[in-house]
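# Report on the structure
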Amino acid sequence: MRLLSYRVLSAFQLLLSTASAVTVNETSSLYTFSNKRLAFNVVKKNGYIQNLQLDGVSVLGTLSGNAGQLYTDFPSNGFALTGNSAAEIVQGKDYAGIVLTDNDTSTGSLVQRSWFLRDDETGLHSFVRLAYHNSTGQSKGGLGEVRTMFRPNGGPWTTLVTNAEQWAPIPGERATANQVQVQDATFYLGLTPDDAYVQQESDYWTKYTFADNQTNKAHGLYGQSSDGTPFGAWWVVNQKDTFFGGPFHVDLMVDGIIYNKQSTSHGGATSPNITDGFDRTFGPQFLYLNSAPYASLNDLLADAEQLADPSWNAEFYDEIAPHVPGYAPTSSRGSFSVTVRVPEGAKNVVAILSANGVHFQDSAADPTAYQYWVTDVQDGVINIDRVKAGTYRLTVAASGIFGDYVQDDVEIKAREKTSLEVNWTPESAGQELWRIGVPDKSSGEFKNGLERDTTHPRQPSKYRIYWGAWDFPNEFPGGVNFTIGESVESRDWNYVHWSQYGPTYTRNDTVTDINRWTINFYLDDTTVQNITSNSVATFTIQLAAAKTTSGNTDANQGDYPSFPINTYVNDVLEPLSWTIQPYESSSCGERSGEAAASSCVVASSAEKYLTAISCHLLSNKFQFPGTKLKAGDNRFVLELPHAAPVYVQYDALRLELQ
């Protein structure tokens, strides 16, 4: 059968077509590139791509403002196009490309965008270079957001695809016409219950329902042409080493637009500070279009995901490297191998190479840093190829283990292999009395996190949906009251600890008596009898996120740019106190109403905050005299400021006694 023959094709076979040279034509306003199956125009004035077609089918639709185009923009205004891009056409025996340069000599800013088309592929290779050379000018500040967007206006698309698990129909025109805005870029669509999105996914829409972290391989759109042929459009993230933030950083993937985020501050992510000498080339990534008769969504997605391999097309990237300043060719790369003896109970082991001397999530502190990781470590054996020569921090993390293994000054040399053997000794501060949650850098195991919404056939994880859909005061009157040994994390501990809750679409009031959460636990006589005046108790809190009124800005703004998390031990009046600072804030579990939202769901460009279970990671250890504990019933109270627009998301908590 034809379907079966399609499904056994490899990604590389799917890309092949009858060899034909890439042609480039020029008019007064456009360059046109084409091979046998793919064609597109590049607008001379601004370098935007229009009229992109696969097999004669328009995949960007019609032009309307910025919609109907493929382009890079800079919402944080750190860089800008000049409106008069200089173009260099590059041609080889089996490819052609265009390098678009916007050189603002008045400020010393340079933007360079590069696109390459090969004669046997149905996709475009993308690079973005940003540079700032101004010895007398001021710092530009943080880079903020840089993104390249496939932004259709029409075309064959019916379905948004984050990954093989998270996908849903695009809301229909009637649903968007009748939507009710409930906060920034978040809408209630339940007034059109027959809409496919409402029926299958949720009554609420927010673009961040379709976010994912940087382990994502490919994301995009699926649909059918007018004759019913399945089509896919995908950003394939085949190389992630020029991004920042590490594997757990979460950002928007698709909302009708398909995003390739080179830099962002979403979720509390750090971005590099732009000072004289900054020069960074992001990429390559691959915008891939595929189509095959009878192919399912998962067929076309799997085909795209197979290309998310740093070694794919490495020879081609070496060939075009002279035309892409800042790209690190194979000759400047080495390999890394390490064998780690992981602690007992470690699961889902992840190994990360990132900027030396700083947490992997803060790698942007070094604007020259690269990052690499392996997320499926087996038997402690880690191999990472094609690592740019340099000095790195090695971090090994695992689900179930508090803390990470960290080793700085790992040197990678070009054309050489660096090998290590390490023994990861887990953190310990004595006998573990109890723990809540799984230390895995997320709050997903708690209620309303990864828990499924079984009221809709797609059954999305609840954290992906508007937070107001899960009415915390009704689920936890007066806040969480959790008893060790009796309560269950997935039922009795919420994924967000709110200081206040509401108003929401279904609730007009603000509830404020929920800022104090209680942990009850029992200690037997034997444990307490061993406590002496020298005994030390250690209480560890690992956070998946904390949100102050600084949001994602790091700025000292609002009434609560910093706030304390207080822990009261039994009847001790003086709490254990940990202050969350403005630069540690990340808007993660709740979208904010501060940003204006577009009235069009699928084309909204207002982006500010996430709906997520993991953002800027934090941890703290409190030590206090063991004599504060007692035989029988004990109680910890976790307190946030009363009636404050702040919250935290716990990763895991643990009490130890030495």
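Anything mentioned here points back to the structure above.
Trp-493 and Leu-629 are the most contacted members of the largest nonpolar core, which has 68 residues in total. Among residues more than four places away in sequence, those in contact with Leu-629 are Leu-433, Phe-521, Leu-523, Ile-531, Ala-537, Val-569, Asn-570, Phe-624, Asn-634, Phe-636, Leu-655 and Leu-657. The next biggest cluster of nonpolar side chains, apart from the first, holds 37 residues, and it includes Val-22, Leu-70, Ile-98 and Leu-189.

What follows is about the environment of Glu-584. Note that Glu-584 resides in the loop between strand E38 (576-580) and strand E39 (618-625). Accessibility expressed as a relative area gives 15% for Glu-584, which makes it buried. With 262 residues separating them in the primary sequence, Glu-584 and Pro-322 have C-alpha atoms 40 Å apart. Excluding anything up to four places from it in sequence, Glu-584 contacts Ala-546, Thr-579, His-616 and Leu-618. Side-chain polar atoms of Glu-584 contact the backbone nitrogen of Gln-581, separated by 2.9 Å.

Moving on to the pattern of salt bridges. The tally for this structure, following the rule as stated, stands at 27 salt bridges. When the shortest N-O distance is used, the salt bridge between Glu-165 and Arg-452 registers 3.1 Å. A residue pair is termed long-range when its members are at least 10 positions apart, and Glu-165 in the loop between strand E13 (157-161) and strand E14 (167-169) and Arg-452 in the loop between strand E32 (431-436) and helix H7 (472-475) qualify at 287 residues. Residue Glu-165 is classed as partly exposed on the basis of its relative accessible area, which comes to 46%. By relative accessible area, which is 31% here, Arg-452 ends up partly exposed. With its nearest N and O atoms 2.8 Å apart, the salt bridge here joins Glu-639 to Arg-516. Taken together, the positions of Glu-639 in strand E40 (residues 632-639) and Arg-516 in strand E35 (residues 516-523) put the pair 123 residues apart, joining distant regions of the chain. Taking the relative accessible area as the measure of exposure, Glu-639 reaches 16% and is therefore buried. Each member of the salt-bridge network shares a partner with another, and the members are Asp-73, Glu-145, Arg-147, Asp-251 and Lys-261.

Let us now look at the sheet that holds E38. One open sheet holds the five strands; their spatial order is E33-E35-E40-E37-E38, and the pairing between them is mixed. Among the strands making up the open sheet, the edge pair consists of strand E33 (481-483) and E38. On average, each strand axis in the sheet is inclined to that of its neighbour by 15°, with strand direction left out of account.

Where burial is concerned, most of strand E25 (residues 333-341) is hidden: seven out of the nine residues are buried. Across six bridges, E25 lies against strand E28 (residues 381-388) in antiparallel orientation. Note that in E28 the partner of Gly-334 across the bridge is Val-387. Here E25 runs beside strand E31 (residues 417-423); their pairing, made up of seven bridges, is parallel.

A few words on the state of the cysteines. Tallied over the full model, the rule gives one disulfide. Between the sulfur of Cys-588 and that of Cys-615 lies a disulfide, 2.3 Å long from S to S. The disulfide joining Cys-588 to Cys-615 has a torsion of about 85° about its S-S bond and is therefore right-handed. One end of the pair, Cys-588, is in the loop between E38 and E39; the other, Cys-615, is in the loop between E38 and E39, and 27 residues separate them in sequence.

Moving on, we come to the packing of aromatic side chains. Two aromatic rings, taken as a pair, are described by how far apart their centres are and by the angle between their planes. Summed over the entire model, instances satisfying the criterion amount to 42 aromatic pairs. On the numbers, 4.8 Å between centres and 50° between planes, the contact of Tyr-204 with Tyr-466 is tilted. Here the residue Tyr-204 occupies a position in strand E17 (residues 204-206), and Tyr-466 occupies one in the loop between E32 and H7, the gap between them amounting to 262 residues. With respect to burial, Tyr-204 and Tyr-466 carry one shared label: buried. Ring centres 6.0 Å apart and planes at 15° place the aromatic pair Phe-472 and Trp-517 in the stacked group. Of the two residues, Phe-472 sits in helix H7 while Trp-517 sits in strand E35, which places them 45 residues apart along the sequence. The class of Trp-517 is buried, set by a relative accessible area of 0%. Over the face of the ring belonging to Tyr-259 we find Lys-261, whose NZ or CZ atom lies 5.3 Å from the ring centre. Here the guanidinium or amino end of Arg-516 rests over the ring plane of Tyr-568, the centre of that ring lying 5.5 Å away.

Judged by how many residues are buried, strand E24 (residues 278-291) sits mostly within the fold: 13 of 14 residues are covered. The pairing of strand E10 (residues 123-132) with E24 spans nine bridges and is classified as antiparallel. Of the residues in E24, the one forming a bridge with Val-128 is Phe-282. The sheet contact formed by strand E20 (residues 230-236) and E24 spans six bridges and is antiparallel. Each residue of the ladder has a partner; that of Ala-233, found in E24, is Leu-289.

Moving on, we come to the side chain of Arg-507. Relative to the elements of secondary structure, Arg-507 occurs in the loop between strand E34 (497-498) and E35. Taking the relative accessible area as the measure of exposure, Arg-507 reaches 13% and is therefore buried. Polar contacts involving the side chain of Arg-507 include one to the side chain of Asp-509, which spans 3.1 Å. The residues touching Arg-507, leaving out its near neighbours within four places in the chain, are Asp-471, Pro-473, Asn-474 and Tyr-501.

This next bit is on unusual backbone geometry. Backbone torsion omega between Gly-283 and Pro-284 reads 10°, so that peptide bond is classified as cis. Within the secondary structure layout, Pro-284 lies in strand E24. The peptide bond linking Gly-502 to Pro-503 adopts the cis configuration, its omega dihedral lying at 0°. Mapped onto the elements, Pro-503 comes out in the loop between E34 and E35. Although it is not a glycine, Asp-409 sits at a positive phi angle of roughly 65°. Relative to the helices and strands, Asp-409 is located in strand E30 (residues 405-412). Exposure remark for Asp-409: the relative accessible area of 58% places this residue in the exposed category.

What counts and what doesn't
Residues numbered from 1 in each chain as written. Predicted model: local features only at pLDDT ≥ 70, side-chain atom pairs only at ≥ 80, totals over all residues. Heavy atoms only, no water. Core = buried A, V, L, I, M, F, W, Y, C linked by side-chain atoms within 4.5 Å. Buried < 20%, exposed > 50% of the residue type's maximum accessible area, 1.4 Å probe, protein only. Contact = heavy atoms within 4.5 Å. Helix = DSSP H or I, 4+ residues; strand = E, 2+ residues; numbered from the N terminus. Polar contact = N/O pair within 3.5 Å; in protein donor to acceptor, adjacent residues only side chain to side chain. Salt bridge = Lys/Arg side-chain N within 4 Å of Asp/Glu carboxyl O. Pairing = 2+ DSSP bridges. Axes fitted to C-alpha atoms, helices over the stretch in contact; angles between N-to-C directions. Disulfide = S-S within 2.5 Å. Phe/Tyr/Trp six-rings, centres within 6.5 Å; stacked < 30°, edge-to-face > 60°. Lys NZ or Arg CZ within 6 Å of the ring centre and 35° of its normal.

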